[in-house]
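Here is how the chains run, residue by residue.
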Amino acid sequence: MRAHVPGVDGVALQAADASSQPRPEEGNHEAPYQAFGCSIFPSSTATAAALQQDWRDTACPLLFIQLNQLLSTPAGLEWRETARWIKFEEKVEDGGERWSAPHVPALLLHSLFQLRTCLQKGTLLLDLDAPSFKEIIDKALSGQPEGAELQPELRERLAALLLLQPRHQHTQSPLRLLAQLGLAPCRGKAKSWAEPGAQLSETPLEEQLRNRFKKKVPPGSEAAHIAVGEVEFLEKPFTAFIRLRQAVALGSLAEVALPSRFLFILLGPQAKEKAYHEVGRAMATLLTDELFQRVARQAEHRRDLIAGMEVFLDELTVLPPGKWDLNARIPPPRCLPSLHRRTAVHPPDRQSHSNGDTAAGGDRANLGHPCTGEELERTGRLFGGLLQDIRRKAPWYCSDFSDALHPQCLSAVLYIYLATATNAITFGGMLGDATANMQGVLESFLGTAFAGFIFCLFSGQPLTILSSTGPMLVFERLLFSFSQDHSLHYLEFRLWIGLWVAFFGVVLVATEASHLVRYFTRFTEEGFCALISLIFIYDSLKKMLSLADTFPINWQYRLDNVTSYSCVCNLSSPGHSSAGNNTLLPSAMAPQQPSAAPAGLSRSQCLERGGQLLGTSCQYVPDVTLISFLLFGGTFLSCSALKRFRSSCYFPAGVRKLVSDFAIILAILAFCAVDATLGLETPKLLVPSELKPTNPGRGWIVSPFGANPWWVCLVSAVPAVLVTILIFMDQQITAVILNRREYKLQKGAGFHLDLLCVSLLMVATSATGLPWYVSATVISLAHMESLRKESETSAPGEQPEFLGIREQRLTGIAVFILMGLSVFMAPILKLTDRVRLLLMPAKHQPDLAYLRHVPLRRVHLFTIIQLLCLALLWVVKSTVAAIIFPVMLLALVGIRKVLERVFSLHDLSWLDSLLPETATGEAKGKQARRRKEDECSSEECELMHRQGPEINISVN
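A quick note: this is a predicted structure, and the numbers were derived from the prediction, not measured.

About the thresholds
- The residue numbering used here restarts from 1 in each chain and proceeds along that chain's sequence as written.
- Totals for whole chains, interfaces and linings use every residue, but because this is a predicted model, local features are given only for residues with pLDDT of at least 70 and side-chain atom pairs only at 80 or more, for both listing and counting.
- Side-chain figures throughout are based on the complete set of non-hydrogen atoms in the structure, without hydrogens or water.
- Here a strand is any run of E in DSSP of at least two residues, a helix any run of H or I of at least four, and the numbering for each starts at the N terminus.
- Here's how the labels work: a residue is buried when its accessible area is under 20% of the maximum for its type, exposed when over 50%, partly exposed in between, all with a 1.4 Å probe on protein chains only.
- Any two strands between which DSSP finds at least two bridges are classified as paired.
- Axis definition: a line fitted to C-alpha atoms, over the contacting stretch in the case of helices. Angles run 0 to 180 degrees between N-to-C directions.
- To count toward a patch, a residue needs a relative accessible area over 30% and no salt bridge; like charges are then connected within 9 Å, while nonpolar side chains (Val, Leu, Ile, Met, Phe, Trp, Tyr) are connected within 5 Å.
- For every accessible area listed, the method is Shrake-Rupley and the probe measures 1.4 Å; residues are considered covered only by the protein chains on display.
- The rule for a salt bridge is simple: a side-chain nitrogen of Lys or Arg has to be within 4 Å of a carboxyl oxygen of Asp or Glu.
- What pLDDT conveys is the predictor's confidence in a given residue, as a value from 0 to 100.
- Any two residues whose heavy atoms approach within 4.5 Å at even a single point are treated as in contact.
- Working rule for angles: under 35 degrees goes down as roughly parallel, over 145 as roughly antiparallel, 65 to 115 as roughly perpendicular, anything else as oblique.
- Handedness of a crossing is defined here by the sense of rotation of the near helix relative to the far one, left-handed for an anticlockwise turn of less than a right angle and right-handed for a clockwise turn.
- Each residue gets one of three labels, nonpolar for Ala, Val, Leu, Ile, Met, Phe, Trp, Tyr, Cys and Pro, charged for Asp, Glu, Lys and Arg, and polar for the others, Gly among them.
- By convention, a stacked pair of Phe, Tyr or Trp rings (six-membered ring in the case of Trp) has centres within 6.5 Å and planes under 30 degrees apart, an edge-to-face pair has planes over 60 apart, and any other such pair is tilted.
- Put simply, a nonpolar core is a bunch of buried Ala, Val, Leu, Ile, Met, Phe, Trp, Tyr and Cys residues held in one set by side-chain atoms that sit within 4.5 Å of each other.

### Some remarks on the overall build of the protein chain
Okay, step 1: In terms of helices and strands, the protein chain carries 36 helices and 16 strands.
Okay, step 2: By the burial criterion, 50% of the 956 residues in the protein chain qualify as buried.

This is the structure in C-alpha cells:
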C-alpha cells in the first residue's frame, strides 16, 4: 500500500506501508499525534509562541540548506553535495554536472517517522557557543545521551571523517562551461572543488566567494548543514541536532559563504544509504517550513521540536496510490499560501460556508472594496475633501521627484510615451474625421501635452495618464453632428459646454461628491472599462479596414495580361496636348507597342499640370493593404511576446527584464524597419510642419460670442450635465482601479483634487479648441504596471515578490514634455474569464475562488446580465439615442443595486462587492471579524491574480 501525501505548505510526502511505521504513541512527547487529519493541540511553549506570533512583523531569516552525503569513491570516503534548498529543492542530477529545476520536495513518509525518532533519541545541543566547526563536532560527539556514549576511538574516527572538505556542486554560467569545454583537451577536466581527503578550510574558498548562486540568496540569510551517510565502523546510528546561539561562519563547509545556524548529522551502519539520504531530505524540508523553523529557533527542550514536527505532520493530505506519477516533479506554485492561515486558531475550512452566510459576504466585500479609507470620508464642510487631499499629498511632493531617480523610470517613460503618442495619433485622426478637422492630430498632440503636464504636476494621483477616450470621442462626434444639423458654430457651442462642465465639476468637488465612488463596484467598473476597450478596438479595426477602400486590391489583376494594363495621363490644358496620350506604367507593365509621344510624365507631374489619370491601374498600389495588416498584427503579436519574455526560461533574469520593459519600443522599431526595407507606399502619419490649426478656418482662441445666438450659452448647460456625468464616471472609475489595495500604494489617493484638475483643464482646452481630456484607464494601468517594484532576490523557482509601485510624478511629466516636443518633430513622426465558463464543461473549469462558493448557474446569470448591460450600452452608443449614453453609464450603479434583489449577499460578495452600507451592516459580530482576519491574510498574495471575476483588459 503506497500513498502520496502533500502538505498544505507545498511539501509532498510519499507514504510507505503504514504497518511498518512506529506507532504514534511511542516516544517521549506531550503533544499526541493522530494520523491523517486529526487535530493537534501542542503543549510545547515554543510551539504555542510560534503559533501566536505576528508573522508579518517577525519573519525568520531565510535558510539556505545544504545536504552533504558521504559516498565511497576509489580515492576513499568523500562528502559530496547532493541537494540544496531555498524554499524549494534542487538536486544534483545523476550525471553530477548540473542542478535540477526547483521543485516541491517529495519524501517518503517513513523518513519523517525515522527523523522523529532521531530527534527523540539523538544528541540535542541548543544554543551552543562554538566559534569553529571543529569545536562543534567535538561537543556533539561528547554530548551523547546517557547510555549511548561513543568510545574515544570512535569519536576520533568520526571527528576526522566529519572534518573532511565536502565536494560542492557550484553553479556556473553557460559561458564558463563553454570555456571549460574549450580548455578540456589541454587541461583535462576542470575542477572547482578540493581533492578527496582534504581537510575543511577555516576560511571560504575562492569558489565559494565567486559562486553565482549567492545572488539568489537575500541579504541576512543563514545556512543550515545536513550531513548523512553510512560508515562501516559504526554498529548503531549516530544522530545530532545542533542549534548555535549565534550564527557562525564555518569556513568552506557550505557552497555559499553564509553564517550557519543549524546542523543535523546522521551516520549509521551500512546497507541503509538510501534511508539515511531520505531522512536528511526530510530534515531539510522540515527546516524550509517557516513555522517549524520558528519552533526550532525558540525550542528549549526536546519536546518542543517534537511538538513542532507534529504540527507539521498534522497538515498532511493523503492522495491515493497509483493516482500520481511518483517520478514527476511538482513545479513550485505561483503564489505560496499565507503563513497566517496556518497559525489561525479557527481555520477557514472548519467554518460554515452556507449560501446565506451574510457575515462572510460582508467580510468579502470589505476585502475586495478598495475605497473605504479616509480618502472618501465626508468632512461636512465645503471643499473639505479637497483640503484633506492637499494635506495628505503635500508631504510627499518632494519625494514624488526624488523617487523617480531609478533606471526603471526611463523604460516607463519610453513605454508610456509610445502608448500615449499612439493613442493621440489614433484619436486625433478619428476626431479629425468626426469634426471636419476642427480637431486633428496636431491639436491632439498639443492638448495631450498641455493637459497631461498640468495634471501630473498638481494632481493627487500623478500615476494617472490623461488622454482622449472612447466615450469622449463618441460625444464629440455627436456634438459636431448636432451643431451641423442645427446650424450652430461647433467650437463656440463646445466652449460653453466646457465652461458649464468646469462649473459643475467645481460644485461636485465642493460638495464632496466623490464620496459616491464608494458605490462603484466591480459590476460598474467592468461595464465601463469594457465599453472603453470595445470602442477603442472597434474604431481601430474600422480604421484599418478602411485601408481597403483607400488602397483597393486589384481583384481583376492577371499575370498573363500584364502588358494590357495602362494608366493614361489626360491633360485638358491646350498647352500640353502633345502629352495627352502619355502612358504612366512601371516598366514591367509597359505595353509592347511603339509610341511616338515624348517621354512619359510621372504621376506627380501629370497631377501638377492639371491632368487626370485614366486606367485600371491608376489607383492600384501593390500589397499596401496586406502589408499594412501584417505590420499591424506583427507589431501587436511581437509586443505581446516580448512582454511575456520576462517569465521565459531563456537568458539571465536581467536580460529578460530589460527586453520586457522595452517590449513596446522594440516591437515598433522592428516593424518600422521591416516597412522601410520593403519600401512599399504604406500610409504614413502626416503632421503639419507648422504650428497652426489643422483646419485653416479656425484660430487658436475660440471666441465665446458672435457666431451663435445668445441663448446658446444657457442651453449649453443641458449637454454639459451629460458631459459632467461622463467625465465623473470616467475619471473616478479609473481612480478607483488605480488605487486598489493590491497595488500597495503608500502615498494615498486624491479623488477630489484629481476631479478639480480635470474640471479646470476643461476651461483651457475648450477655450483653445483642443480635445477634452480625462483619465485613460488602459494607459494608466500600463503606467502602473511599468513601475512595479519586485524583490531583486528570490529563491529558485519562486516568483519575485511584488513590493508595490514606484510612486512619483516625473515619469508622467517627462512623457507629456516629449509629447509637446513631438509637435516640432514632424519629419521624424511621419469579462473574458466568465464568458469562457459559459462554453466550458465543468471538468475543465479552473479552480477559481468564486466557483467554490457560488453555484455555477448563478455565476452564468451574473455574467449574462453584465453582458446584456454592455450590449445595451453599445446599442445606445450606436443609435440616435447616443446623446444620453452618459446617463446609461450612471444607470449601471442603479442596476447593480437592483441585483441585490436577484442575488444573495453571499453570492454578491464573491461575484462583485457589496455596497458600503450593506457591507458595513453585515460585517458586525465576532465571527465575521475572525473570518476577515483569516481570509485577508490567506488571500493577500492572490489578489493580483484571482480577486473575484473580472473582465481582464490588456495593458499592451
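Still more to cover.
### Structural notes on the sheet that holds strand β4 (residues 76–86)
Okay, step 1: The 7 strands are arranged β5-β4-β3-β8-β10-β9-β7 in an open sheet whose pairing can be described as mixed. The two strands at the open ends of the sheet, each matched to only one other strand, are β5 (88–91) and β7 (123–128). Within this sheet the neighbouring strands show an average axis-to-axis angle of 20 degrees, counted without direction.
Okay, step 2: Pairing between strand β3 (residues 63–73) and strand β8 (residues 222–230): 8 bridges, direction parallel. Bridged to Asn 68 within β8 is Ala 227.

### Considering a nonpolar patch on the surface
Okay, step 1: Together, Leu 382, Phe 383, Leu 387 and Ile 390 line one region of the surface with nonpolar side chains, adding up to about 360 Å² of accessible area.
Okay, step 2: Examined against the element boundaries, Leu 382 turns out to sit in the loop between α11 (358–368) and α12 (384–393).
Okay, step 3: You can call Leu 382 exposed: its relative accessible area is 65%.

### With respect to the pattern of salt bridges
Okay, step 1: Within the structure shown, the criterion is met by 24 salt bridges.
Okay, step 2: One salt bridge connects Asp 127 with Arg 243, and the closest N-O pair in it is separated by 2.9 Å. Linking Asp 127 in strand β7 with Arg 243 in strand β9 (residues 238–249), this pair joins segments that are 116 residues apart in sequence.
Okay, step 3: Assessed through its relative accessible area of 3%, Arg 243 is described here as buried.
Okay, step 4: Here Arg 494 and Glu 476 are joined by a salt bridge, their closest N and O atoms 3.0 Å apart. Placement of Arg 494 in helix α17 (residues 490–510) and of Glu 476 in helix α16 (residues 470–485) is noted, with a sequence separation of 18 residues between them.
Okay, step 5: Look at the salt bridges and you will find they share partners, linking Asp 400, Asp 403, Lys 747 and Arg 809 into a network.

### Some words on unusual backbone geometry
Okay, step 1: Unusually for a residue other than glycine, Phe 383 sits at a positive phi of about 60 degrees.
Okay, step 2: In this structure, Phe 383 sits in the loop between α11 and α12.
Okay, step 3: Even without glycine at this site, Ala 436 takes up a positive phi of about 55 degrees.
Okay, step 4: Take Ala 436: it is sitting in the loop between α14 (407–434) and α15 (441–458).
Okay, step 5: Judged by relative accessible area, which is 44%, Ala 436 ranks as partly exposed.

### Things to note about the pairing of β8
Okay, step 1: The buried fraction of β8 amounts to 9 of the 9 residues, a majority that puts the element mostly inside the structure.
Okay, step 2: Summarising the sheet, β8 and strand β10 (residues 259–268) pair through 8 bridges and their orientation is parallel. The residue of β10 that forms the bridge with Glu 230 is Gly 268.

### A short note on helix α27 (residues 777–786)
Okay, step 1: For α27, a buried count of 8 out of 10 residues is recorded, marking the element as mostly surrounded by other parts of the structure.
Okay, step 2: If you check which residues of α27 are buried, you get Thr 777, Ile 779, Ser 780, Leu 781, Ala 782, His 783, Met 784 and Ser 786.

### Digging into the confidence of the model for the protein chain
Okay, step 1: In the predicted model, the protein chain carries a mean pLDDT of 74, and the fraction of residues at 70 or more is 71%.
Okay, step 2: Confidence over residues 1–42 falls short of pLDDT 50; this stretch has 112 contacts with residues more than four positions distant or in other chains.
Okay, step 3: Long-range and interchain partners of residues 826–830, a stretch whose pLDDT sits below 50, account for 9 contacts in this model, where long-range means more than four residues apart.

### A word on the packing of α16 against α17
Okay, step 1: Axis separation between α16 and α17 bottoms out at 9 Å; the angle between their running directions is 125 degrees. Of the possible angle classes, the one that applies to α16 and α17 is oblique. The crossing of α16 and α17 is right-handed. For the pair α16 and α17, the contacting residues are Glu 476, Leu 479, Phe 480, Phe 482 and Ser 483 in the first and Tyr 490, Phe 493, Arg 494 and Ile 497 in the second.
Okay, step 2: Residue composition of the contact of α16 with α17, grouped by class: 6 nonpolar, 1 polar and 2 charged.

### A closer look at the packing of aromatic side chains
Okay, step 1: One pass over the full model with this rule turns up 9 aromatic pairs.
Okay, step 2: Ring geometry for Trp 500 against Phe 503: centres 6.1 Å apart, planes inclined by 80 degrees, an arrangement best described as edge-to-face. Placement of the pair is Trp 500 and Phe 503 together in helix α17, with a separation of 3 residues, close to one helical turn.
Okay, step 3: Trp 500 sits in the partly exposed class, given a relative accessible area of 24%.

### A short note on the nonpolar core
Okay, step 1: Counting residues in each nonpolar core, the largest one holds 63 residues, and the members touching the most others are Ile 497, Val 723, Ile 727, Trp 772 and Ile 805.
Okay, step 2: In this structure Ile 805 touches Leu 463, Tyr 743, Leu 745, Met 784, Leu 787, Arg 788 and Lys 789, once residues within four positions along its chain are discounted.
Okay, step 3: Ala 83, Ile 226, Leu 286 and Ile 306 belong to the second-largest nonpolar core, a separate cluster that totals 35 residues.

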